[in-house]
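# Reading the structure
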Amino acid sequence: MMGAERTIVITGASDGIGAAAARQLAGAGVRLVLVGRSPQKTKAVAEETGAEYHLADFTRLDEVRLLAEAIGSSCERIDVLANNAGGMFSGPTATPDGFEKTFQVNHLAPFLLTHLLLGTLLESRASVVNTSSIGARLFGGIDLEDLEDWRSFTPSKAYGDAKLANILFAKGLHDRFHERGLSSVAFHPGTVATNFASDTDGYFRRIYHGALKRFLISPERGGRRLRYFIEGAPGEAWASGEYRVSPRRRGRTHRQAYDPVVVREHWRRSEEMLGIRW
Ligand SMILES: NC(=O)c1ccc[n+]([C@@H]2O[C@H](COP(=O)([O-])OP(=O)(O)OC[C@H]3O[C@@H](n4cnc5c(N)ncnc54)[C@H](OP(=O)(O)O)[C@@H]3O)[C@@H](O)[C@H]2O)c1
C-alpha cells in the first residue's frame, strides 16, 4: 500500500473510544470518515481531525441505509470499517423499526451497514473491526429463540448478548468472506472512562460516572487499542475471525462464540429480521 491513502470508516466516532482513535489516526496517508449521532459532537471531532463525517441514529434503520448510500457513493474504497458505535441502555425499548434498542444499536445496525457496504469492502480487501466487550463473557448467554432479550431483559444481559453478537458477527464474516479477501476481528477495548452507561441506572452508571471512574483506563488508551486493530495488518497484528481481550492477548470469551451452529443461526436470524441475504 506504499503511497496509497487508506480509507478508514469509524462509527461511534463522536465520543469516547472512537473519537480518541480518530484523533490518533488523523494525519498523512489516511482518509478518515467519521460516523456519529450527535451533530455537534461529530462535527467537532471531524473539524479537529480534518475528517469527513456522516450522521446516523442507529435506532433508525432508514438512517443506516442512507448512511451506507452516502459512504458508498463517496468512498471508492474502504480499507477498514470499525463498527464501534454502541453502549448499554435501559429498557427493554422498541425502536421505530420494532427491534429492541440495545440489540439494534450494537448489532443489527452494524450488521446492516456492513452488508450494504460489502461490495466495496470486498473490492478493497478490507478489515472489519468490531468493538465488543468482556461483557459478552460476563453477562451474555444468547437464547436463539429470543435474540433481542424481550423475555429476559436487564441492561447488562442485553448488552452482554449484543457484544457476544459482535463476536459471532466477526466470526461469521470470516467464515463467509475471508477466502475472498475480507478480514474481521472483535476485541475488548478495556474498561474505559467514557460516556458509556450514561443511559442506565444503578451499578454500571455508578462505576462509569461515580467515584470509581478514576480506576478506569483513559479514552486515549481505549482509543489506542482500537487503533491497533485498525492499523494492524490481518494475519500479522491479529488473525481474522478471532476475538481479542486486548491487542496482544487472545482471551476466551463466551463458549457460544466457539459454536459454529450459534454463529450460523444468529447470522440467519439477523438476516431474516432485516429481510436481507448476504
Ligand atoms: N467504555 C467501556 O468501558 C467499554 C468497554 C467495552 C466495550 N465498549 C464498547 O466501546 C464502544 C464505544 O463506547 P464508548 O465507551 O466510547 O462510549 P461512548 O463515549 O458513550 O461513545 C459511544 C459512541 O456510540 C455512539 N452511539 C450511541 N448510541 C448511538 C445510536 N443510537 N446511533 C448511533 N451512534 C450511537 C455515540 O454517538 P453520540 O455520542 O453522537 O451520541 C458515541 O459516538 C461501544 O461499542 C461499547 O459497547 C466500551
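Summary of the structure given here. Each chain carries its own residue numbering, running from 1 in the direction its sequence is written. A pLDDT threshold of at least 70 governs which residues receive local features in this predicted model, and a stricter bar of 80 or more applies before side-chain atom pairs are shown or counted, although totals over entire chains, interfaces and linings include all residues. Each side-chain value is worked out from all heavy atoms of the structure, with water and hydrogens disregarded.

A cis amide bond links G91 to the next residue, P92, at an omega of 5 degrees. For R125, which is not glycine, the phi torsion reads 50 degrees and is therefore positive. Secondary structure elements follow DSSP: runs of H or I of four or more residues count as helices, runs of E of two or more count as strands, with numbering from the N terminus. Here R125 shows up in the loop between α5 (118-123) and β5 (127-131).

What the seven strands build is an open sheet, ordered β3-β2-β1-β4-β5-β6-β7; its pairing is parallel. Across the chains shown, the open sheet's two edge strands, defined by having one partner strand only, are β3 (52-55) and β7 (243-244). Most of the contacts of helix α7 (residues 155-177) go to strand β6 (residues 183-187), to which it runs at about 160 degrees, and overall it touches β4 (80-83), β5, β6 and β7. Here a strand pair is declared whenever DSSP counts at least two bridges between the two strands. Residues count as neighbours in contact if any of their non-hydrogen atoms are within 4.5 Å of one another. Interaxial angles span 0 to 180 degrees and are taken between N-to-C directions of axes, which are lines fitted to C-alpha atoms, for helices over the stretch in contact.

Of the voids in this model, the largest pocket is the one considered here, and its volume is about 1000 Å³. The wall of the largest pocket is formed by 48 residues, among which G86, G87, M88, T194 and F196 lie closest to the centre. Contributions of two or more residues to the lining of the largest pocket are made by α1 (16-25), β2 (30-36), α4 (101-116), α6 (135-139), α7 and α8 (203-209). If one sorts the elements of the lining of the largest pocket by residue count, α8 sits on top with four residues. Residue polarity is assigned by list, with Asp, Glu, Lys and Arg as charged and Ala, Val, Leu, Ile, Met, Phe, Trp, Tyr, Cys and Pro as nonpolar; anything else, Gly included, falls into the polar class. Here the residues of the lining of the largest pocket are counted per class, giving 20 nonpolar, 21 polar and seven charged. Here the term cavity refers to a set of points on a 1 Å grid, laid over the protein atoms alone, in which a 1.4 Å probe fits but cannot get out; the term pocket refers to an open set having protein on both sides within 12 Å along at least five of seven lines, with lining residues being those that place an atom within 4 Å of a point. Grid points are joined across faces, edges and corners, and a volume is the space filled by probe spheres set on the points.

So, about the pairing of strand β1 (residues 6-11). Two faces make up the sheet, and in a regular strand the side chains alternate between them. A simple rule labels every residue: compare its accessible area, found with a 1.4 Å probe on the protein chains alone, to the largest value its type can have, and call it buried under 20%, exposed over 50%, or partly exposed in between. The buried fraction of β1 amounts to five of the six residues, a majority that puts the element mostly inside the structure. Inspection of the sheet shows β1 paired to β2 by six bridges, in the parallel sense. Residue pairing across strands places T7 opposite R31, the latter belonging to β2. A right-handed crossover is one whose linking path, passing over the helix from the first strand to the second, runs clockwise when the strands point away from the viewer. Note on the crossover from β1 through α1 to β2: the handedness is right-handed.

A few words now on the site of the ligand. Close to the ligand lie 32 residues; S14, S38, Y159, T194 and Y208 are nearest. Here a polar contact is recorded for every N or O atom pair within 3.5 Å, except that within protein the pair must consist of a potential hydrogen donor and a potential acceptor, and residues adjacent in sequence are included only if both atoms are side-chain atoms. Between the ligand and F58, the relevant distance is 2.8 Å, taken from a nitrogen atom to a main-chain nitrogen or oxygen of the residue. One of the side-chain N or O atoms of Y208 is found 2.7 Å from an oxygen atom in the ligand. In isolation the ligand exposes 900 Å². Once the protein is present, 96% of that is buried. Neighbouring residues are identified by heavy atoms, a residue being near a molecule or strand if any of them is within 4 Å of it. A 1.4 Å probe and the Shrake-Rupley method give the accessible areas. Residues count as covered only by the protein chains that appear here.

Note that all results are geometric; they support no functional claim without further evidence.
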